[in-house]
Amino acid sequence: MFELLSQDRESKARRGRLTTVHGTIDTPAFMPVGTQGSVKAMSPRELREVNAQIVLGNTYHLFVRPGLDVIKHFGGLHKFMNWDGPILTDSGGYQIFSLAKLRKITEEGVQFQNHVDGTPAFISPEIAMEIQAALGSDIAMTLDECAPYPCEREYAARSLEMTTRWAKRCKEWKEENAQRSTSNAQRSMAESDAINYQQSTINSLLFGIVQGATFEDLRKQSAQAIVDLDFDGYAVGGISVGEPEEEMVRAVESTEPFLPRDKPRYAMGLGTPPQLLEMIARGMDMFDCVLPTRLARNGTAFTSTGTLNVKNAEFALDKRPIEEGCECSTCREFTRGYIRHLIKAEEILGLRLISLHNLHFYLDLMRQAGAAIESGAFEAFRKEFVAIYKTRDVDLANSVGEA
């Protein structure tokens, strides 16, 4: 499932390969966020062109709209969105966290009003697993309770204990249904040589999520409890929820020593390009973040020297691409001046072109990081990139939300 290919000598950076039903993923890996079955402004063909290996879908949003009956009718999320690569689905824990005023958490699960029409709904660990199995996820996530920032220690402790109990129920559901599916498949083969069962139930990977807020001892406690349940991979949750960057880094550093070396590690909801490199240096393998597409819709592009607000008047007559030497189709074919015109004129093509460039930038950054780890030059690569990268005209604190 996961093969560790190389390790940096000067940091905890790793290069690996994760195998799923729908293909392999070379790590470090960035996952474009396709919350509602679509990476905003991008087609599956364009995602392949920028070398996306895996995309992220969201259990909560797809459960609410279009609903499981529709997705089942089309044969699962892969066929519904015409994406033949791996898909990771978030269990919905973060969305439940964001619906604090509309939900009630109990031992059994979460009662909430959905954000579309306000109708009552309920998600338990078992229901979260059922939804992800119906979607056909290659990597499913356990249901977790994400503690807010700031929060009291007592709240964080209760949250991680609930997350651990829910994680255990998710794993038990998967094991029980895998056994049932195997039995059904054997019976079907004996009767008609036809395998008629949900392959995803057996072959999907299941990642557990570590919580603990900003408390180092709680992070250790949560990691040890989740690792004891023996998942296929592990995620660091409850980060990038409004805490200062140093607290986010400390939460990852407090968790990493207790995660198995031979399994993938996923830092959820991160981040800016320098943050990704810092997390790679601290032993993380997989990432997702809405910034590449969300900021693109505001006219902001990512470059190797920092962000670029293409809406600025200084670019009106600029014949250069967004970034010299970039191999994405946006930079090969269009100028900053033209893209600025499109954004100012509110033409959809403008935000599409920047979205494509930004995703290419993030994905290529992961490729470069992997190559640097392989050659033994990661620390030099990281230090040089972080030293020259500047964030300009971007309020990242207000840039969270859907992709």
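Just so it is clear, the model here is predicted, and its values are computed rather than measured.

Student: Residue-level account of a nonpolar patch on the surface, with values.
Tutor: The grouping of Val-70, Phe-74 and Phe-80 at the surface amounts to a nonpolar patch, some 240 Å² of accessible area in total. Of note, Phe-80 is situated in helix H4 (residues 77-81). A residue is classified by how much of its surface remains accessible, and Phe-80, at 32% relative accessible area, is partly exposed.

Student: Report on the packing of helix H11 (residues 273-281) against helix H15 (residues 348-375), specifying residues and quantitative values.
Tutor: Relative orientation of the contacting elements H11 and H15 amounts to 30°, with a least axis distance of 11 Å. Considered as vectors, H11 and H15 are oriented roughly parallel to each other. Like other packed secondary-structure pairs, H11 and H15 cross with a definite hand, here right-handed. Only Phe-361, Tyr-362, Leu-365, Met-366, Ala-369 and Ile-373 of H15 make contact with H11, whose side of the interface consists of Pro-273, Leu-276, Leu-277 and Ile-280. Its residues placed into classes, the contact of H11 with H15 shows ten nonpolar, no polar and no charged.

Student: Account for the pattern of salt bridges, naming residues and giving values.
Tutor: Tallied over the entire structure, the rule returns 23 salt bridges. Here Glu-256 ties to Lys-12 by a salt bridge, and the two come within 2.7 Å at their closest N and O atoms. Of the two residues, Glu-256 sits in the loop between helix H10 (245-255) and strand E13 (265-267) while Lys-12 sits in the loop between strand E1 (2-7) and strand E2 (14-20), which places them 244 residues apart along the sequence. For Glu-256, a relative accessible area of 8% puts it in the buried group. Residue Lys-12 is classed as partly exposed on the basis of its relative accessible area of 39%. Close ionic contact of Arg-15 with Glu-374 constitutes a salt bridge, the shortest N to O distance being 2.7 Å. Taken together, the positions of Arg-15 in strand E2 and Glu-374 in helix H15 put the pair 359 residues apart, joining distant regions of the chain. Under the relative-accessibility criterion, Arg-15 is labelled buried at 19%. Linked by salt bridges that have partners in common, Glu-253, Glu-278, Arg-282, Glu-379 and Arg-382 make up one network.

Student: Pulling in residues and values, what's your account of the pairing of E1?
Tutor: The pairing of E1 with E2 spans five bridges and is classified as antiparallel. Counterpart to Ser-6 in the pairing with E2 is Arg-15. Remark: six residues form the turn of the hairpin made by E1 and E2, two consecutive strands paired antiparallel.

Student: Summarise the sheet that holds strand E6 (residues 87-90); cite the residues concerned and give the values.
Tutor: Paired through their backbone hydrogen bonds, the strands of a sheet run either parallel or antiparallel. Spatially, the eight strands line up as an open sheet ordered E4-E14-E13-E12-E11-E10-E6-E5, and their pairing is parallel. Only two strands of the sheet have a single partner each, and these edge strands are strand E4 (29-31) and strand E5 (55-58). Pairs of neighbouring strands in the sheet enclose a mean axial angle of 25°, with direction left out of account. Pairing analysis gives four bridges linking strand E11 (residues 205-210) to strand E12 (residues 233-236), with the strands arranged parallel. Its bridge partner lying in E12, Gly-208 is registered against Tyr-234. Each of E4 and strand E14 (286-288) touches H15; the most contacted strand, E4, lies at about 155° to it.

Student: Now, about H11: what can you tell me, with residues and values included?
Tutor: In terms of burial, H11 is largely enclosed, as nine of its nine residues are buried. The elements touched by buried residues of H11 are E4, H10, E14, strand E15 (300-303), H15 and helix H16 (378-388). In the segment just after H11, Gly-283 is the residue with positive phi, at about 95°.

Student: Kindly report on the sheet that holds strand E7 (residues 103-105), identifying the contributing residues and their values.
Tutor: In spatial order, the strands read E7-E8-E9; together these three strands make up an open sheet with antiparallel pairing. Because the sheet does not close on itself, it has two edges, and the strands there are E7 and strand E9 (120-123). Strand-to-strand twist in this sheet, taken as the mean axis angle between neighbours without regard to direction, amounts to 15°. Judged from the four bridges that link them, strand E8 (residues 110-113) and E9 form a sheet pairing that is antiparallel. Paired with Gln-113 across the two strands is Pro-120, which belongs to E9.

Student: I'd love a proper account of the nonpolar core, names of residues and values included.
Tutor: Core analysis: the biggest nonpolar cluster contains 91 residues, and Phe-30, Ile-280, Phe-287 and Phe-378 have the highest contact counts within it. It is H15 that contributes the most residues to this core, twelve residues altogether. Apart from the residues lying within four places of it in its own chain, the contact partners of Phe-287 are Ala-29, Phe-30, Met-31, Tyr-266, Ala-267, Leu-270, Leu-276, Met-279, Ile-280 and Met-366. Ranked by size, the runner-up nonpolar core spans 19 residues in total, among them Met-31, Leu-205, Ala-235 and Met-268.

Student: So what's going on with the environment of Asp-262? Residues and values would help.
Tutor: One can find Asp-262 in the loop between H10 and E13. Put simply, Asp-262 and Phe-334 are 72 residues apart on the chain and 43 Å apart in space, counted from C-alpha to C-alpha.

Student: Could you give an account of the environment of Ser-254, naming the residues involved and the relevant values?
Tutor: Structurally, the position occupied by Ser-254 is in helix H10. Look at Ser-254 and you get buried, because its relative accessible area is 11%. Each C-alpha atom of the pair Ser-254 and Gly-212 lies 9.8 Å from the other, and the pair is 42 residues apart in sequence. Other than its neighbours up to four places away in sequence, Ser-254 contacts Glu-216, Arg-219 and Lys-220.

Cut-offs and rules
- Residues numbered from 1 in each chain as written.
- Predicted model: local features only at pLDDT ≥ 70, side-chain atom pairs only at ≥ 80, totals over all residues.
- Heavy atoms only, no water.
- Patch = residues over 30% accessible without salt bridge, like charges linked within 9 Å, V, L, I, M, F, W, Y side chains within 5 Å.
- Areas by Shrake-Rupley, 256 points an atom, 1.4 Å probe, with all protein chains shown as cover.
- Salt bridge = Lys/Arg side-chain N within 4 Å of Asp/Glu carboxyl O.
- Helix = DSSP H or I, 4+ residues; strand = E, 2+ residues; numbered from the N terminus.
- Buried < 20%, exposed > 50% of the residue type's maximum accessible area, 1.4 Å probe, protein only.
- Axes fitted to C-alpha atoms, helices over the stretch in contact; angles between N-to-C directions.
- Parallel < 35°, antiparallel > 145°, perpendicular 65-115°, else oblique.
- Left-handed = near helix turned anticlockwise from the far one by under 90°.
- Contact = heavy atoms within 4.5 Å.
- Nonpolar A, V, L, I, M, F, W, Y, C, P; charged D, E, K, R; others polar.
- Pairing = 2+ DSSP bridges.
- Core = buried A, V, L, I, M, F, W, Y, C linked by side-chain atoms within 4.5 Å.

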